Amino acid sequence: MIHAAPSQSRLRANVTRIQALSFTWMFMLVMPVIVPYLASHDLGMDRVFQLQAIFAITIVLLEVPSGYISDLLGRRRCLLLAGLLHGLAFTVLFWADSFMGFVVFELLAGGGVCFYSGTDVALLYDSLEALGDGGGKRRLLGRRLMWMQGGETTAALLTAGLLGASLGDFGLEDVVFFNALVGWIPFIVVLSLVDVPRPTLDRHSHLHN
């Protein structure tokens with residue numbers, strides 16, 4: 001089933017908002033201090049490596065199924081799920097106080113990455129094709145990478161500033177708290193996106209698909 005096409009203005013807005021999504025997805029204040037934060041909860045480096053292994057295994061297991069789900073349910077729904085998992089992950093990180101709590105964080109974060117990875121590019125491509133600007137893909141992919149790196153760099157600089165000498169009473173818990181708040185911004189951005197009409201897969205023949 002193919003739904004009615006969104007307007008050209010909404011498709012153009014898609015392109016801009018996907019760039020914003022790239023920035024906000026990588027805007028993770030806690031990443032520069034994640035190891036000392038875990039250490040503050042009495043987790044040694046062996047536990048840190050175990051958590052990273054769980055994150056990696058989650059991605060390996062979900063990467064292909066997440067792409068299929070994107071084709072089956074649509075790009076926007078898949079990105080909504082990614083944004084939901086991303087927000088939940090950093091909320092759980094704030095409340096976690098044991099190894100198992102951090103395991104839940106890694107599982108949610110890994111799932112969010114899988115459902116996000118590639119789906120944003122697919123929606124960007126779909127939007128450009130619908131706008132008749134298929135030749136602009138390479139340019140916008142480069143711009144998307146710039147926004148991702150910009151989000152990561154800005155978050156790292158802000159974290160360094162907040163933890164600097166001028167704000168010595170600002171601690172790791174505060175960084176994680178603010179990350180729990182900004183972690184929901186990608187979900188809010190996805191709410192403003194629109195799907196591009198395209199044939200959906202038959203849900204009753206998954207093996208054939």
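Data block above holds the structure.
Because the structure is predicted, anything quoted here is derived from the model rather than measured.

A. Geometry of the overall build of the protein chain. Counting its secondary structure elements, the protein chain contains nine helices and zero strands. Written out in order from the N terminus, the α and β elements of the protein chain read α-α-α-α-α-α-α-α-α. Counting across all 209 residues of the protein chain, residues that qualify as buried make up 42%. Sequence separation of at least 24 residues holds for 84% of the intrachain contacts in the protein chain that already meet a minimum separation of 6.

B. The arrangement of the side chain of Glu 106 in detail. If you trace the backbone, Glu 106 turns up in helix α5 (residues 99–116). Summary of buried charges: Glu 106 has no salt-bridge partner, and the nearest side chain of opposite charge, Arg 47, is 12 Å away. Once residues within four sequence positions are removed from consideration, Glu 106 is found in contact with Leu 51, Gln 52, Ile 54 and Phe 55.

C. Structural context of the side chain of Asp 120. Position of Asp 120 relative to the elements: it lies in helix α6 (residues 119–130). Residue Asp 120 is classed as buried on the basis of its relative accessible area of 0%. If near-sequence neighbours (up to four positions away) are discounted, Asp 120 is found in contact with Ile 18, Ser 22, Leu 79 and Arg 144.

D. Seen up close, α6. If you check α6, its first and last C-alpha atoms are 16 Å apart, about what twelve residues at 1.5 Å a residue would give, namely 16 Å. Most of α6 sits inside the fold, with nine of its twelve residues counted as buried. Considered for burial, the residues of α6 that qualify are Thr 119, Asp 120, Val 121, Ala 122, Leu 123, Leu 124, Asp 126, Ser 127 and Leu 128. Tucked into the core, α6 has its buried residues touching α1 (8–26), α3 (45–73), α4 (75–95), α5 and α7 (137–162). After α6 finishes, the residue Gly 132 shows a positive phi value of roughly 75 degrees.

E. Spatial organisation of the packing of α4 against α6. Orientation of α4 relative to α6, taken along the N-to-C sense of each, is 150 degrees, at an axis distance of 9 Å. Accordingly, the angle class assigned to the pair α4 and α6 is roughly antiparallel. Seen from above, α4 lies across α6 with left-handed handedness. Residues Arg 75, Cys 78 and Leu 79 of α4 form the contact with α6, whose participating residues are Thr 119, Asp 120, Ala 122, Leu 123 and Asp 126. Along the lines of polarity and charge, the residues of the contact of α4 with α6 split into four nonpolar, one polar and three charged.

F. Summary view of unusual backbone geometry. We note that Asp 42 has phi near 65 degrees; this positive angle belongs to a residue other than glycine. Judged by its relative accessible area of 73%, Asp 42 is exposed.

G. Broad picture of the packing of aromatic side chains. Considering all chains together, one arrives at nine aromatic pairs under this definition. Considering the side-chain rings of Trp 25 and Tyr 116, the 4.2 Å spacing of their centres and the 5 degrees angle between planes classify their relative orientation as stacked. In this pair, Trp 25 sits in helix α1 while Tyr 116 sits in helix α5, placing the two residues 91 residues apart along the sequence. For the pair Trp 25 and Tyr 116, a shared accessibility class is recorded, and that class is buried.

Cut-offs and rules
- Residues numbered from 1 in each chain as written.
- Predicted model: local features only at pLDDT ≥ 70, side-chain atom pairs only at ≥ 80, totals over all residues.
- Heavy atoms only, no water.
- Helix = DSSP H or I, 4+ residues; strand = E, 2+ residues; numbered from the N terminus.
- Buried < 20%, exposed > 50% of the residue type's maximum accessible area, 1.4 Å probe, protein only.
- Contact = heavy atoms within 4.5 Å.
- Lys, Arg positive; Asp, Glu negative; His and termini not counted.
- Salt bridge = Lys/Arg side-chain N within 4 Å of Asp/Glu carboxyl O.
- Expected span 1.5 Å × (residues − 1).
- Axes fitted to C-alpha atoms, helices over the stretch in contact; angles between N-to-C directions.
- Parallel < 35°, antiparallel > 145°, perpendicular 65-115°, else oblique.
- Left-handed = near helix turned anticlockwise from the far one by under 90°.
- Nonpolar A, V, L, I, M, F, W, Y, C, P; charged D, E, K, R; others polar.
- Phe/Tyr/Trp six-rings, centres within 6.5 Å; stacked < 30°, edge-to-face > 60°.

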